[in-house]
Amino acid sequence: MALRLVFMGTPDFAVPTLLGLVGGGHDVVAVYTRAPQPAGRGMALKPSPVAREAERFGLPVFTPKTLKDSDAAAAMRAHGADAAVVVAYGLILPKPVLDGFPLGCFNLHASLLPRWRGAAPIHRAIMAGDTETGVMVMKMDEGLDTGPIAMAERAPIGSDASTGELHDGLARLGAKLMIVALGALERGSLTLTPQAAEGVTYASKIDKSETRIDWIKPWQAVHNHCRGLSPFPGAWFELAGAGRVKVLRTTKGDGAGAPGGVLDDKLTIACGEGAVRLLELQRAGKQPMNADEFQRGTPVPRGGTLH
């Protein structure tokens, strides 16, 4: 017997789970997502990725600014849903909303909780140099990603993997895991395990102030910083005549020198310890390009310094 569900999600990461619910025969009676945001040169309102997919399937879409008032909780209960599925929604679910679903609210989170609770678990795992992450289905409570775990699936993080690459893989893995968890919930066989009290870390939202590359750090830290912020928001440096340049892909380089120093014509840059080689870059308003293409259009002289 299919479950009657409310789905809550906003970005691309949430789309595979919504598609899995619809394809799996569940009755998605309402989709909650963030309101359309201004985008593009004309700043026209752009619906969220989840809203676009929901409308394609003819699902009713709701975009409240908050769920904290009593009217929002009553409207949620009026859907008569068995449970809610939440994937990167972006709004806090207060207790009256959580209590409005007989079987509970189940959140898909992209980390191995309790490590990396919070808004940016994929970015933070890569930036920290983690070699493993995963996805977890958690029954939500009032805390920040503190609820008991229903199911988990581990995934390796490659030494050169970017946030974009890991994001897409975890989105697909998480969608499959949520479908399995809901199947167990239907059968009454879903078991919940409290999160460990030790090993808690927080994945705070990426702030613009931390995106600039600090060449004084060791090469591995610079490499992790660049791939952890790729493709968005992007780690960057300033180049005279070109402004800010994002670095989307790097690898270990050969040589040493003053931090930020350009060591050769292949864009090998000295760090506080070792060096990184820049493989893919992007100027503001331009398409990403490999280092050779970048050098042809915007030469970076050997012996110069990046800031």
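Residues numbered from 1 in each chain as written. Predicted model: local features only at pLDDT ≥ 70, side-chain atom pairs only at ≥ 80, totals over all residues. Heavy atoms only, no water.

1. Topic: the pairing of strand β13 (residues 275–283)
To keep it simple, the criterion reads: The pairing criterion is simple: DSSP has to find at least two bridges between the two strands. Helix and strand labels come from DSSP, where a helix needs a run of H or I of at least four residues and a strand needs a run of E of at least two; each type is numbered from the N terminus.
Two elements, strand β11 (residues 243–253) and β13, share 8 bridges in a ladder whose sense is antiparallel. In the sheet register, Val245 faces β13, and the bridge partner there is Arg283. Examined bridge by bridge, strand β12 (residues 268–270) and β13 share 3 bridges and lie antiparallel to one another. Bridge pairing in β13 links Ile269 to Val276. Where β12 folds back onto β13 in an antiparallel hairpin, the turn is made up of 4 residues, including Gly274, whose phi is positive at roughly 80°. For β13 and strand β14 (residues 289–290), the ladder comprises 2 bridges, and the chain directions are antiparallel. By the bridge assignment, Leu281 is partnered in β14 with Met289. Where β13 folds back on β14, the antiparallel hairpin that results is connected by 5 residues, among which Gly285 adopts a positive phi of roughly 80°.

2. Observations regarding the packing of aromatic side chains
Filter applied, for reference: Only Phe, Tyr and Trp rings are paired, with Trp represented by its six-membered ring, and only when their centres lie within 6.5 Å; those with planes under 30 degrees apart are stacked, over 60 edge-to-face, the remainder tilted. Here, a charge over a ring means that NZ of Lys or CZ of Arg falls within 6 Å of the ring centre while also lying within 35 degrees of the ring normal.
Counted by the stated rule, this structure contains 2 aromatic pairs. Arranged with centres 5.1 Å apart and planes meeting at 20°, the rings of Tyr32 and Phe62 form a pair that is stacked. With Tyr32 in strand β2 (residues 27–32) and Phe62 in strand β5 (residues 61–62), this residue pair connects regions lying 30 residues apart in the sequence. The aromatic ring of Trp236 is capped on one face by Arg244, whose charged end is 3.8 Å from the ring centroid.

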